Amino acid sequence: MEAPTPGNIVKILVDIGDSVTVDQPLVVMEAMKMESEVKSPSDGKILSVNVSTGDTVQASDVLFTIG
């Protein structure tokens, strides 16, 4: 799953191995001084978390792998 916009990672809401459902919030990002939740595009299990709190990401950077 990719970052929708450039921004900063404020809070990660899931861990590796967690089961997630479509539209479940996965991470809180800050972009243009506004916080927003990035939600899961599908049901599955978190296979990898590729970011840490405080990271700056660009649009399309891979945040999570969901399988």
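In case you missed it, the structure is sitting above this.
All values derive from a computational prediction rather than experimental measurement.

(A) Here's a closer look at unusual backbone geometry. The backbone of Asp 23 shows a phi angle near 70°, a positive value even though the residue is not glycine. Here Asp 23 lies in the loop between β2 (19-20) and β3 (25-31). Unusually for a residue other than glycine, Ser 60 sits at a positive phi of about 80°.

(B) Representation of the sheet that holds strand β1 (residues 7-12). Spatially, the four strands line up as an open sheet ordered β4-β3-β1-β6, and their pairing is antiparallel. Each end of this open sheet is capped by a strand with a single partner; those strands are β4 (34-39) and β6 (56-57).

(C) Here's a closer look at the side chain of Ser 48. With respect to the helices and strands, the residue Ser 48 is situated in strand β5 (residues 44-49). A polar side-chain atom of Ser 48 sits 3.3 Å from a polar atom in the side chain of Asn 50. When residues no more than four places from it in sequence are discounted, the contact partners of Ser 48 are Ile 16, Leu 63, Phe 64 and Thr 65.

Calculation rules
- Residues numbered from 1 in each chain as written.
- Predicted model: local features only at pLDDT ≥ 70, side-chain atom pairs only at ≥ 80, totals over all residues.
- Heavy atoms only, no water.
- Helix = DSSP H or I, 4+ residues; strand = E, 2+ residues; numbered from the N terminus.
- Pairing = 2+ DSSP bridges.
- Polar contact = N/O pair within 3.5 Å; in protein donor to acceptor, adjacent residues only side chain to side chain.
- Contact = heavy atoms within 4.5 Å.

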